[in-house]
Every structure is written in C-alpha cells, then in structure tokens.
Amino acid sequence: MAILASACQRQTTRLLARNAVAGRLSALSATRDVTVATPFSYKLRGTSTTRTITTQTQQQPSTPQTRTTAPRYQALSQVQAVTPRQSFATMTQVNTQPYRSMQSSGSTDPVWTHKLPWSKIPEFPSLSKDLETDIAIIGAGIAGISTAYELVKRGKQVTLIEARNVLSGESGRTSGHLTNDLDDGFVEIAKKHGEEGAKQAAASHAWARDRIGEIAKELNIDCEYRRLPAYDISQFPVGEKKHEDELQELKEEAEFQKKIGMETRFDPNLTVRGWTSSIDQRGGMVADNQATFHPTRYLVGVLNWLKTQPNFQCYARTRIMDVKEKGIELLGMGHKTVEITTQGGHTIKAENAIEATCVPLQKLSVISQLEFYRTYCIAVRVPKGSVEDCLLYDNAEEYKYVRLTECDEQNDYLVVGGCDHKVGQEETTPRFDELEKWTRERFPQAGSTDYKWSGQIFEPVDYLGFIGKNQGNDKIYIITGDSGDGLTHGVLAGRLLADEIDGVKNPWADLYNPKRVASILKSLPSMLSHDLQINAQYKRYLQTDIQDIEDLPRGCGGVLNKADTKKPIAVYKDENGNVKKFSALCPHLKGVVCWNNVEKSFDCPVHGSRFSKEGICVSGPAKAGLAPADEAGENLKEQAAAA
C-alpha cells in the first residue's frame, strides 16, 4: 500500500501541473477530495472567540472543516464490568475483493475484526417473495437490531431488512464509547432544549448505556462490557492562557452536569495513568460510571438470540427502494398500512415501518437538518496495564477520543480517533498520520499501529437525534442524527419506538421527536449557512479530477469531467489496470462525487451518500448505487452484489 500511495502522490503532482497549464478552474488529484477555497469562521461555543479558516485544494489536515462539539468548536458556516459466562464469537490492509462492499461501508478493517472477523458475522437470505409483517425494520445496525430486540421481547412480529450484509454499516466502524457525557455538551444542549431537555438527554443516554450491560449479562454475551470513567481535558498544555480558559469551561460544564443528575466532577489535577510524555495537559472534567464494549461481538450476540425467536425473521442483501403509507385514517376511522418495495420487485406490507438506516431514505425534510462527517480511528498496541482504562476526550477543534480494547495476552489496543471533516470535501489520506503523531507524543510506550479505519457521523443542527414518526407520516418511523453518540442513540431508539408503537407515553419521546419545532427554529441561522455551503459543492460540475484515464494510478479512482465526456464520469482503475466507469452523479440530488482514497469509495459532498468502488451504495440518503457508464462497470457492480 505504501507503493500505491507513492504512485498516487506522484500522479497528484503531474495532474496538478497539467491542469495548471490547461487553465482549468480547479483540479483534484486522484487521492484528494478538496476543491476550491471556501473561507468560513468558527467560534468556541460560549465564548466570543472567532477564527477564520480557508479550505482549499492544497489544504493540510491541521485546518479542516471539522465536526466539533461543545465545549469544543462549532463552525458558524455549518449548522449554527459485567463478566459474561459465554461468548458468541470465538493487520491493517485495504481489502480489494469486490465482496467487501457487501460486508462493510469501507475498504479498511476496523479493530473489531481482530476478535470477530467478517466471516463470523451471521448470514441471512435475501428476500425472494412478497410478505406481510407487523413491523418492518430497515437497517441491521445497532439501531435496527436494538429496536428489533425490544419489539420481539414485547411479542411483535418483526422483519429486519438490510441492503447488504447485516452489520455492514457504521455500527462496525465505531470506536465503541458508551457514555451520556454527550459530544455537544449539556450547557449548549440546554440552550436549544432547556434545562429539563438537557436532563432528559442525560437520563435517556444513561439508560441506553446501562441497557447494553443488562442485555449482555442476560444473553451471556462476551463483549468486553465494563464500567470506567470518562475524562474531558484541555487541548492546550499547562501554562498557556488557552489551557486556563478551557479548564474554566470544563468546570462550568461539570457543574451543570452535576446539576442535572450526572456523576460528574471537576478535577484541576486530573492526569491519565500511562500518559508519560512531557506534554502536560493535566486538569479536566471526570464523568464517572461510563462504559465501553466490543460493538460487533455484542450485536452478533443479540442477533444470535433473535434468530431463535419465532416472531423474528431477517433478510439481507435486500435493498429497499420505496417506503410509503397506504390507506386513510381520520377521526378513528379507516386504516393505514405501509407498503415497502425492494429493488428486486418484491413487496413487504407492514403495520409499521422503521427506517434505521443512519439517514432516512428520502430527498430532504429531516435531511436538511443534518450535517455529514467522516471520522478516523487507529488501533495501536500498548503493553497491558500501561495505560489507564478510561474514555478520554480533548477539546481540540479536531478533538481526539481514546479508549482501550483487547489485543492479546501481552498487549491491549489503544483506540484513538478524531480528525473529522465533512464528507467529500477534504482529503482523507493524512488523517491517520495526524492521529498516530498525537498518540506517540503522549504515550511513548505505543507500539505498532495495526488497524486504521474511518466511519461516518450524522450531526443534527440542534445537537439531539431524531427518533419517532417521520415528518408527514403516521406509520413510518425514523432513527437518525446520532451526533457522534450513535451506539447509545441506537439502543435508546429501541425503547422509544417500542413504547410509541405500543401506545405507551415515554417521557423522553418529545425531546427526540422528528417533528419538533422550537429547537429547530433556534438553529435556523446555522441551517441556512450550512445549506449555502453544501449547495456550493455543485461547483464540482465545473471541475475534473483527472485529464486522462491513463494518469490514474492502479487502485485509485477519480472523476473525469471534460467537454467530450458530456457528463461527469466516476472512473476506477483496479490493481490489474482494468478500468470501470460509472456516472459520477449521486442518485439522491445529483451532486458530483469525490474519490475517497482511504476507503476506496466515491463520496457525495452534498448530503454524504457514499458508493463503493463497484458503484454500490454503502451509505444513504441515496437508495441506489451509481449507474454504470460502461459494460465493465456494470459487470463489476453485478459481481460485487452477487458475491
């Protein structure tokens, strides 16, 4: 891969030089996603401090448009130890086999495959007939599986449907933090939802965190679930004025969290055992009684239990193309149902449908209230016991998040994440170097980096997710907007939706209602700014990544957009030099995709849809994949889907 990366970099220099001579408006290398300069400002939430950043073609990863959270940073131009008894599951390289796009939304392997390889994840048949069910759940990640579990336990007939393999989405690409110390901070959440709303958010995510432990114990799932503290620290070293400022903000956050019932305190002398470098960032906030786990081992355990239940069925590799309500209900008269259509032409009729698809399968509506980000992780070997078992977060613009997971008898893995940026709008390749540098500067005992991967985050404009009836619907429910807390958010969704379908009033339902108005109105300025920013991404219609397919290195992709192509073409050249072509227009709202060299995918910079190198849709809101533009592209797409 190092050779491939060097080849891509050499081609970068040639392409940029050629495009400069040709007088093109802008050129992206085959390994970059960034386009022309876009300045914007951000401020530290709760302060008057503002800065200006310019995103441009040659931008380095130290100044990206990052997803940042209170008391971390907000971009103004964006949206203003349970010990189980039984286990159900007994190095970093990009997998180039076509079937990977059916297993995962990226080509890299997350650290969770160390203990649970892809081959150990349960398989389910594809749907080959029409059927009827009480509840159809679309999406087999933590939200869909958790909701299925809660509904099956209540006696409902549940059908779980997944477009690719189960657990092929973002649940297997997370960092595995379980906390109600939410990313955006409760001081900021209270500004949108009030103090009572902040209290409910803390209580609901605490319930979800604890619920995973309860289920793991009940089903005897060996998933490393354990309790541990969460530490929030300053990004700056002791002695700098900014360090003092951030500690003051953390102190205020700790006081507010304690006020709303959390087990939080401020410790001015907080240190992390194992942080032995000379970089001194001591002091910070401690949120006790948080948790962590191995996400895919847990979810496989729940799936294995569900498979034994007579009122549960699951179909994989069954892509949903349409979900709509049928019939009329008015003043207690009439009856509505849901009709679901698959890409294969089959129909599912259900009393209720739940879209647990990270982002709903629709054009806009709630999608306009979300921002879409990539986030990155590495797993580095450290000697067992050499680093404190905790959750750790710093307050940087590209804030880092840290935890431990099992490796072997001698070592643990230190999982370090961060370096977020908007989907399809910045280069992806250097992020891992930045994470590794940060880690080794603070933890000198760090050994080899065995895993590198990335995932996707869906950030709501008012900091809290959307769980409940979709806007304009009575029988269609959605789960979206995880705000970086997707694991607890997905588990919480199971209880909220099971209660709503059962007619049980849940005290947290209004807080997460997708039809809420007040907190969205408070976010209108940032929504408008974000809308302008993403609409600016249509400038890709005037740009080309490559001038000639011959310039594209093997194992790389890019968009060819010249006068003689008539429309933008997404080109992928495999490791054998074979070329495949697809339409570069995202099926959702026709944004021009960008090549993601880390995950070997084509990513849309407008609303975050992503497509594998075979053109298969691996992340919505797009429903279908990229249309093949030649026979080779069509054959590759069919091969991947059938593998």
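Residues numbered from 1 in each chain as written. Predicted model: local features only at pLDDT ≥ 70, side-chain atom pairs only at ≥ 80, totals over all residues. Heavy atoms only, no water.

Caption draft 1: Looking closely at the sheet that holds strand β24 (residues 569-573). Read across the open sheet, the 3 strands follow the order β23-β24-β25; overall the sheet is antiparallel. This sheet does not close on itself; its edge strands, each paired only once, are β23 (556-560) and β25 (579-583). Going from strand to strand, the sheet's axes swing by 25° on average, the running direction of each strand aside. Both β23 and β24 contribute to a ladder of 5 bridges, which runs antiparallel. Within the sheet, the bridge partner assigned to G557 lies in β24 and is Y572. (Pairing = 2+ DSSP bridges. Helix = DSSP H or I, 4+ residues; strand = E, 2+ residues; numbered from the N terminus. Axes fitted to C-alpha atoms, helices over the stretch in contact; angles between N-to-C directions.)

Caption draft 2: Broad picture of the nonpolar core. Among the nonpolar cores identified, the biggest contains 67 residues, and F186 and Y298 are the most heavily contacted of them. Top element by residues in this core is helix α4 (residues 186-218). It accounts for 10 residues. I549, C556, A570 and V593 belong to the second largest nonpolar core, which has 25 residues in total. (Core = buried A, V, L, I, M, F, W, Y, C linked by side-chain atoms within 4.5 Å. Buried < 20%, exposed > 50% of the residue type's maximum accessible area, 1.4 Å probe, protein only.)

Caption draft 3: Geometry of the sheet that holds strand β29 (residues 617-619). An order of β26-β27-β28-β29 is seen for the 4 strands of this open sheet, with the pairing classed as antiparallel. Both edges of this open sheet fall to β26 (594-596) and β29, since each of them pairs with a single strand only. Here the average twist between neighbouring strands, direction ignored, is 35°. Here strand β27 (residues 601-603) runs beside strand β28 (residues 610-612); their pairing, made up of 3 bridges, is antiparallel. In the sheet register, F602 faces β28, and the bridge partner there is F611.

Caption draft 4: Up close: the pattern of salt bridges. One pass over the structure, following the stated rule, counts 39 salt bridges. Linking E426 and R431 is a salt bridge whose minimum nitrogen-to-oxygen distance equals 2.8 Å. When sorted by exposure, E426 lands in the same class as R431, which is buried. Among the salt bridges present, the one from R540 reaches D545, with a minimum N-O distance of 2.9 Å. D545 shares its class with R540; the two are buried. (Salt bridge = Lys/Arg side-chain N within 4 Å of Asp/Glu carboxyl O.)

Note that every value here comes from positions in space, so none of it alone points to a role or purpose.
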